[in-house]
Amino acid sequence: MANARRLDITEFDFDDVKDNLKTFLKAQSTFKDYDFEGSGMNILLDTLAYNTHYLGFNMNMLANEMFLDSSSLRSSIVSHAKTLGYEVDSCRAPYAVLNVVLNTSGKTTATMSAGTKFNTSLNNIDYQFVTVADTTAANTGVEVPFNNLKVYEGTYITTRYIVDSSDVNQRFVIPDDRSDTSTLTVIVQNSSTDTTQTTYNKVTDISGLTNLSEVYYIQEIEAGKFEVYFGDGIVSKAVTDGNIVILQYVVTNKSDSNGASVFTNTSAIDTISDITVTTVENAAGGAEGESLTSIKLNAPLDFASQGRCVTSEDYKLFAKKLFPQTQAVMVFGGESGSYDPTVGVTSTASYGRVYISIKSVTGNNLTAAQKTQLVSDLQKYNVASITPIIIDPEIVYIILTTTFKFDSTKTTKESSELETDVKNTIINLNDTNLKTFSNVFRHSEMTGKIDDTHSSILSNTTNVTLAKTFTPTLNSAIGYNIYFNNVFYNPHSEHNKSAGGIITSSGFKVVDSDEEQFYDDDGAGNLRRYYLVGVTRTYTSETAGTVDYAAGSIKISSTTITSISDVDGVSSIIIRMTAIPASKDIVPVRNQILEIDMINTVVTGEVDLVAIGDTGASSSYTTSSSYTVTKKY
Amino acid sequence: MAITGGWRNEAAFLDAQGQNKSDRSVQIYSDLDLFFSHNNNTKDVNRIYDAQAVKRSIRNLVLLNTFEKPFHPEISSDVRATLFELMTPVTAIILARQIQDVIENFEPRARLVGVKAYPDLDRNAYDVSVEFYVVNAPTELVELTLPLERLR
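About the cut-offs
- Residues numbered from 1 in each chain as written.
- Chains lettered and ligands numbered in written order.
- Predicted model: local features only at pLDDT ≥ 70, side-chain atom pairs only at ≥ 80, totals over all residues.
- Heavy atoms only, no water.
- Helix = DSSP H or I, 4+ residues; strand = E, 2+ residues; numbered from the N terminus.
- Expected span 1.5 Å × (residues − 1).
- Buried < 20%, exposed > 50% of the residue type's maximum accessible area, 1.4 Å probe, protein only.
- Contact = heavy atoms within 4.5 Å.
- Phe/Tyr/Trp six-rings, centres within 6.5 Å; stacked < 30°, edge-to-face > 60°.
- Pairing = 2+ DSSP bridges.
- Axes fitted to C-alpha atoms, helices over the stretch in contact; angles between N-to-C directions.
- Core = buried A, V, L, I, M, F, W, Y, C linked by side-chain atoms within 4.5 Å.
- Parallel < 35°, antiparallel > 145°, perpendicular 65-115°, else oblique.
- Left-handed = near helix turned anticlockwise from the far one by under 90°.
- Nonpolar A, V, L, I, M, F, W, Y, C, P; charged D, E, K, R; others polar.
- Patch = residues over 30% accessible without salt bridge, like charges linked within 9 Å, V, L, I, M, F, W, Y side chains within 5 Å.
- Areas by Shrake-Rupley, 256 points an atom, 1.4 Å probe, with all protein chains shown as cover.
- Salt bridge = Lys/Arg side-chain N within 4 Å of Asp/Glu carboxyl O.
- 1 Å grid on protein atoms, 1.4 Å probe; cavity = no way out; pocket = protein on both sides within 12 Å on 5 of 7 lines; lining within 4 Å.
- Points joined across faces, edges and corners; volume = space filled by probe spheres on them.

**Some remarks on helix α2 (residues 40-65) of chain A**
The first and last C-alpha atoms of α2(A) sit 38 Å apart over 26 residues, in line with the 38 Å expected at 1.5 Å per residue. Of all the residues in α2(A), the buried ones are Gly40(A), Met41(A), Asn42(A), Leu45(A), Asp46(A), Ala49(A), His53(A), Gly56(A) and Glu65(A). Against α1 (14-25) and α3 (74-83) of chain A together with β1 (30-32) and α2 (50-63) of chain B lie the buried residues of α2(A).

Right, here's the structure in full:
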């Protein structure tokens, strides 16, 4: 803008453009009033600047939409994803697995047609579940059982199109944006007079297609709907004039009915009305369509993986894709650990396997059927010699004991209000930084955030205890392994032996004793079991198991547990073990997830006597110990 | 801004639309004539000068409603809303005050003497009289008369 004769064109903001035009006009003397808001020239400048701003903004938006990273319209993002060969997920209908038995001896076989309805109710709202394919079963003598029948929540819809090549705009659109495309069946009928029907399959790999391949392609189009299209007669078989394209699919309420468990048939099936319906698996799997963030993240990854699972990142991507309820996923190869149902996840190598741990959005572990389904879905993309194994995530709880000092002259809040604020800070950090795979608990970050909670907080001492739970099998003599995978605090052999070492447990009872039992350790690698007489520990076993301080693991020898005490004041089926870690930074290993146990986390605020100028402060000031005291939770 | 005939005070209506030229030799203000009148000598669009340019500017400001100026809703008198209020002497004072504010805020060339709004009940209109000095001609009192009615 130094040279008034030159029009600066780098600005697109309205006021900047207008200023530049004014600078430009300074070079002439014909019109002098351009700088007064009411003048005719100013109104002309408004028009020019507005127009420039408008076009500049338009260009900016246009340029943004041209790239996957910066586009914001769904249609643009989906289109970019398509060029990368990425198929965007539609919403998913929840599905349940049922055993349906027709109580009849009069039929040798029975057929349950696609669209057969089952009713259920969740939170006082009725939902309808439907089958999506014809199923036939044989009579066993007194009944016709349809076992492991998959039913989807929603309405079974059939849409028909008559192919008309003279209509250049004809598209085979699934007209509802709540359609689950995984339930889609595409049938092509030759014509209205020739009712021969052919079921087309969804294309998975175009390399093996011929001009006779009966496959369909699917893509998301505007407004979140999906469009089915066919080959051109060269890549794969084309549809011709008069063909009738029949689309059958489920329109769903997405995740609303996840968890529905009791199902009843609504009408007779194949004329039989004496029907028994039992639920094998509750409704699950309902999900929204793929989000824009997810498409932006996954489309390039999908392209990079080239439709194959080779690296652990590939497995993460495919796990998310094949199991839409995935919130977080962790994958590790067999070389860095293994899983054995009897001992859990250990560092023992097991080559030729890949372990996939999934945290579901529902918070529940995957059911056996979901795991089996995912493994079989993954087989198509897998390297042949590798076996994928789905394991549940393990949660390691962190119990914090925080004492903070605050300057009461700098705040009107009482210590109880500040304690609540600090608890909220901890909850926030728990929600944003933890609760997922590979997220490390960093002690200094936590203490820093606690200090930053309020300007009156001067310092804090925060101690860390780890907790993990296990579910014992009652009345069976079984050993248990609990892996914390973080080094335990054991500065010397027999550390804290007399006061119970660093291990504690919640209570339980064992066979041959009516006393409530607990575990502790002797600081020398032995797990001990005791009961309390008053406050004195009476040991029933000095070698109830072993503790590996360096590996951070506890092995409980074979014990017959008969009952379990309450945990956190409520009846429980789990026993909680706690341990003091050597480091206050905690790392989640493999399938572990860290989470702060807010029930047992204690926050205490104290007025800082020095800061408020208490005359006796120099002698009465107390500090909190940074050493974590072994305490039973 | 169509000019309609049949006004009882046509001179007032045309006041802000005249082409009068200052007879002073140095013209400080010169503006585009938004009526785009044709100058037969130069074959170009006419320019307007000094007091007349300021009059035009004041008229433009008074007739601006909120949000009519792109990105600057504050540059407006918003008399339109007031014109649709019940016609009372109080409303006339409010109207005059709005006009006074917009001139004082956004027309630095005018040193305002006073604004008066006369309600014309029969025609549902106001005759607004604005008196001001143009800052570079402090001896010459300029009077601008503006008819304001709901439908323009």
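**Topic: the packing of aromatic side chains**
The tally for this structure, following the rule as stated, stands at 19 aromatic pairs over all chains. Pairing Phe172(A) with Phe230(A) gives two aromatic rings, centres 5.7 Å apart and planes at 70°, and the pair type is edge-to-face. One end of the pair, Phe172(A), is in strand β8 (residues 172-174); the other, Phe230(A), is in strand β12 (residues 226-230), and 58 residues separate them in sequence. Using a relative accessible area of 11% as the deciding quantity, one classes Phe230(A) as buried. Ring centres 5.3 Å apart and planes at 20° place the aromatic pair Phe332(A) and Tyr355(A) in the stacked group. In this pair, Phe332(A) is assigned in strand β16 (residues 326-333) and Tyr355(A) in strand β19 (residues 353-360), connecting sequence segments 23 residues apart. Here a set of aromatic residues connected by ring pairs shows up, and it is made of Phe14(A), Tyr50(A), Tyr54(A) and Phe71(B).

**Things to note about the sheet that holds strand β7 (residues 155-162) of chain A**
All names here are of chain A. Taking strand neighbours across the sheet as the criterion, the seven strands line up as β7-β13-β9-β10-β11-β12-β8 in an open arrangement whose pairing is mixed. This sheet does not close on itself; its edge strands, each paired only once, are β7 and β8. Sheet twist, expressed as the average angle between the axes of neighbouring strands with direction ignored, equals 30°. Taken together, the three bridges between β8 and β12 define a ladder with antiparallel strand orientation.

**A closer look at the nonpolar core**
Judged by nonpolar contacts, the single largest core of 42 residues is most densely connected at Phe441(A) and Met577(A). At five residues, the largest contribution of residues to this core is made by strand β21 (residues 394-406) of chain A. With sequence-adjacent residues up to four places away left out, Phe441(A) is seen in contact with Ile398(A), Leu400(A), Leu434(A), Met446(A), Val464(A), Lys584(A), Asp585(A), Ile586(A), Leu594(A) and Ile596(A). Counting residues in hydrophobic clusters, the runner-up holds 35 residues, among them Val79(B), Leu112(B), Tyr126(B) and Val134(B).

**Things to note about α2(B)**
A rise of 1.5 Å per residue sets the reference length of α2(B), with its 14 residues, at 20 Å; its end C-alpha atoms lie 20 Å apart and thus fit the reference within 8%. With 14 of 14 residues buried, α2(B) is to be regarded as a mostly interior element.

**Focus on the pairing of strand β22 (residues 457-470) of chain A**
Residue and element names in this part refer to chain A. The buried count for β22 comes to eleven of 14 residues, which makes it a mostly enclosed element. Pairing geometry for β21 and β22, over ten bridges, is antiparallel. Note on β22: the bridge partner recorded for Lys405 is Ser459. In this sheet, strand β30 (residues 575-579) lies alongside β22 in antiparallel orientation, the contact comprising five bridges. In the strand pairing of β30, Lys468 is matched with Met577.

**Side note on the packing of α2(B) against helix α4 (residues 89-106) of chain B**
All names here are of chain B. Where α2 meets α4, the closest approach of the two axes is 9 Å, and the angle between their N-to-C directions is 125°. Accordingly, the angle class assigned to the pair α2 and α4 is oblique. Judged by the twist between their axes, the crossing of α2 over α4 is right-handed. Residues Ile58, Leu61 and Val62 of α2 form the contact with α4, whose own contacting residues are Ile99, Val102, Ile103 and Phe106. Considering only residue class, the contact of α2 with α4 consists of seven nonpolar, no polar and no charged.

**Details of a nonpolar patch on the surface**
There is a patch of nonpolar side chains on the surface, built from Tyr50(A), Tyr54(A), Leu55(A) and Phe71(B) and spanning about 440 Å² of accessible area. Here Leu55(A) shows up in helix α2.

**Comments concerning the sheet that holds strand β5 (residues 110-120) of chain B**
Residues and elements named next belong to chain B. Spatially, three strands are ordered β5-β6-β7 in an open sheet, and the strand pairing comes out antiparallel. Edge positions in the sheet fall to β5 and β7 (137-149), since each of these pairs with one other strand and no more. Averaged over all neighbouring strand pairs, the angle between strand axes comes to 15°, with direction disregarded. Here strand β6 (residues 125-134) pairs with β7 via ten bridges, running antiparallel. Following the sheet pairing, Glu131 is matched in β7 by Glu143. The strands that α4 touches are β5, β6 and β7; relative to β5, the one it contacts most, it runs at about 155°.

**A closer look at the environment of Pro388(A)**
Residues and elements named next belong to chain A. Structurally, the position occupied by Pro388 is in strand β20 (residues 387-391). Residues Pro388 and Leu374, spaced 14 residues apart in sequence, show a C-alpha to C-alpha distance of 9.2 Å. Setting aside residues up to four positions removed in sequence, Pro388 forms contacts with Tyr315, Val354, Ile356, Val375, Leu378, Gln379 and Asn382.

**With respect to the layout of surface pockets**
Residues and elements named next belong to chain A. Estimated volume of the second largest pocket: approximately 1200 Å³. Along the walls of the second largest pocket sit 43 residues, with Pro393, Glu394, Thr469, Phe470 and Thr471 positioned nearest its centre. Among the secondary structure elements, those contributing two or more residues to the lining of the second largest pocket are β18 (344-346), β19, β20, β21, β22 and β23 (477-483). Of the residues in the lining of the second largest pocket, the class split is 21 nonpolar, 14 polar and eight charged.

**Some points on the pattern of salt bridges**
Should their charged atoms come close, side chains of opposite charge can pair. All names here are of chain A. Tallying each qualifying case throughout the model produces 31 salt bridges over all chains. Lys22 is paired through a salt bridge with Asp35; the nearest N and O atoms lie 3.1 Å apart. You can see Lys22 sitting in helix α1 and its partner Asp35 sitting in the loop between α1 and α2, a full 13 residues away along the chain. Measuring nitrogen to oxygen at the nearest pair gives 3.5 Å for the salt bridge that ties Asp270 to Lys107. Here the residue Asp270 occupies a position in the loop between β14 (264-265) and β15 (275-284), and Lys107 occupies one in the loop between β1 (95-102) and β2 (109-112), the gap between them amounting to 163 residues. According to the relative accessible area criterion, Asp270 is partly exposed, its value standing at 27%.

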